[in-house]
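Architecture and fold: a report
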Amino acid sequence: MKPPINHNERVVFQGGMLDLWKERRKPGYAAYRRAWNNNPRNEVVGDFPIHLDFEITSRCNLKCTFCMRTGLLKGGVPKGFFLGDLNPKVYFKAVGEGETKGLRSIKYNFLGEPLLVGHERLYDYIHYATSLDGIMDTMMNTNGCLLNHDMSKAILEAGLDKLIISMDSPVKKTYEGIRVGATFEEVVGNVRHFIELRNSGKFFKTSVRLQLTVIEDNKYQVGDFMKMWKPYADEVTANVACAIIENEDRETFINDPNRLMSCPAPWQRMIVLADGRIVPCCGDHHHTYILGHAMTDSLEDIWKGKKMKALRTAISSGKIDEVPLCQICSGRRMRPI
Ligand code: SF4
Ligand code: SF4
């Protein structure tokens, strides 16, 4: 019988050029990280989310087998799902408003592949954020397929803080079986080129993490994945993400009474979807808990508004299981406060 997946597994390698990266943090970085950890513990809300995820596109060039997006779009584009790119005006308005009120960190994706917006737009997005004193962290997950020379140069010159590349396997057959539509050698070549360019140009403001999300198909490949990327990357991680736990196993997992029932997200972040609507967290794949619209509403008002308050109250009073959004989210079991 196969051993079960260990949901607590998070193998981490840290090395590479991380010391140089740490030296390049802006003043206030440590305070921002403290607030990230302490605000949920102390139930501090502040004037603005510390972090915003911008779904700069909801398009994707792959159909990864474990991905929520793949499942959602299986039978065509579902009602209420906007398939397209974020209006840049939404981004600049939200970041401009946030920087003076407590926004410290930005991520450029949710359900989509951010490199699809092209290197020029991506440069403008990242460069705007990194040039603001208040923004301490900019990060992006990518599948790496479009990480060509121009794209790499744009990301490095704009000063992105963290690039996270999801590769999921050191073996071509497994990788291409999971990441449907990607070519193993191409992505490996892109990632190595990105790191060489980063090192030769001394762009050490940008760290590079290679990530494997553990599922049945790759759970025996973690060691080889580490070996493959340690000589190149600053960080290599292998973890189980809430989104990928297979259905049957997921049920058992999220209903396990021995796991802590809490979630820090409503004290830390909100998500701006590609059509400008706002949802509270990455648990809302189905866009059910709409808080407002980033173009027409003030994000500060939304952050301090009734719906966010209701979510926080449910969590802090131990009633997270009564929130329909949280009932289907394994995050409530995985992220103790
Ligand atoms: S690349 Fe990302 S968004 Fe696209 S299908 Fe794969 S996991 Fe989903
Ligand atoms: S438990 Fe999940 S759905 Fe609920 S607030 Fe946390 S991340 Fe969102």
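Residues numbered from 1 in each chain as written. Chains lettered and ligands numbered in written order. Predicted model: local features only at pLDDT ≥ 70, side-chain atom pairs only at ≥ 80, totals over all residues.

**Some points on the nonpolar core**
Ile155 and Val272 are the most contacted members of the largest nonpolar core, which has 76 residues in total. Not counting chain neighbours up to four residues away, the residues in contact with Val272 comprise Leu52, Asp53, Phe54, Glu55, Val90, Ala94, Ile278 and Ala294. (Core = buried A, V, L, I, M, F, W, Y, C linked by C-beta atoms within 7 Å. Buried ≥ 20, exposed ≤ 12 C-beta atoms within 10 Å, placed from the backbone. Contact = placed C-beta atoms within 7 Å.)

**As for helix H6 (residues 149-158)**
Restricting attention to buried positions, one finds in H6 the residues Met151, Ser152, Ala154, Ile155, Leu156 and Ala158. Just beyond H6, the residue with positive phi is Gly159, at close to 85°. (Helix = DSSP H or I, 4+ residues; strand = E, 2+ residues; numbered from the N terminus.)

**Comments concerning the confidence of the model for the chain**
Reading fine detail from the predicted coordinates is not recommended where pLDDT is low. Residues with a pLDDT of 70 or more make up 88% of the chain, whose mean pLDDT is 89. Per-residue pLDDT stays below 50 along residues 242-248; that stretch engages in 12 contacts with residues further than four places along the chain or on separate chains. (pLDDT = per-residue confidence, 0-100.)

**Some points on the site of ligand 2**
In the vicinity of ligand 2, 12 residues are found, and the nearest of them are Cys263, Cys281, Gly283, Cys326 and Cys329. Contributions of two or more residues to the shell around ligand 2 are made by helix H13 (324-327) and helix H14 (331-334). Considered class by class, the residues forming the shell around ligand 2 number 9 nonpolar, 2 polar and 1 charged. (Near = placed C-beta within 6 Å. Nonpolar A, V, L, I, M, F, W, Y, C, P; charged D, E, K, R; others polar.)

**Points about the site of ligand 1**
Neighbouring ligand 1 are Cys60, Leu62, Lys63, Cys64, Cys67, Arg69, Thr70, Leu111, Gly112, Glu113 and Asn143. Looking at the shell around ligand 1 residue by residue, the class counts come to 5 nonpolar, 3 polar and 3 charged.

**Regarding helix H5 (residues 119-130)**
With 12 residues, H5 extends 16 Å between its outermost C-alpha atoms, agreeing within 8% with the 16 Å of an ideal straight helix rising 1.5 Å per residue. All of the buried residues in H5 are His119, Leu122, Tyr123, Tyr125, Ile126 and Ala129. What you see down the axis of H5 is that its buried residues fit within an arc of 165°, all on one side. In this fold, the buried residues of H5 make contact with helix H4 (88-99), strand E3 (105-107), strand E4 (137-142) and H6. (Expected span 1.5 Å × (residues − 1). Arc of directions from axis to C-beta.)

**A closer look at unusual backbone geometry**
The residue Glu43 is not glycine, and still its phi comes out positive at about 55°. Along the polypeptide, Glu43 turns up in the loop between helix H2 (29-42) and strand E2 (51-54). Overall, the presence of 13 C-beta atoms within 10 Å leaves Glu43 in the partly exposed class. Here the phi dihedral of Lys202 falls at roughly 55°; this positive angle occurs in a residue that is not glycine.

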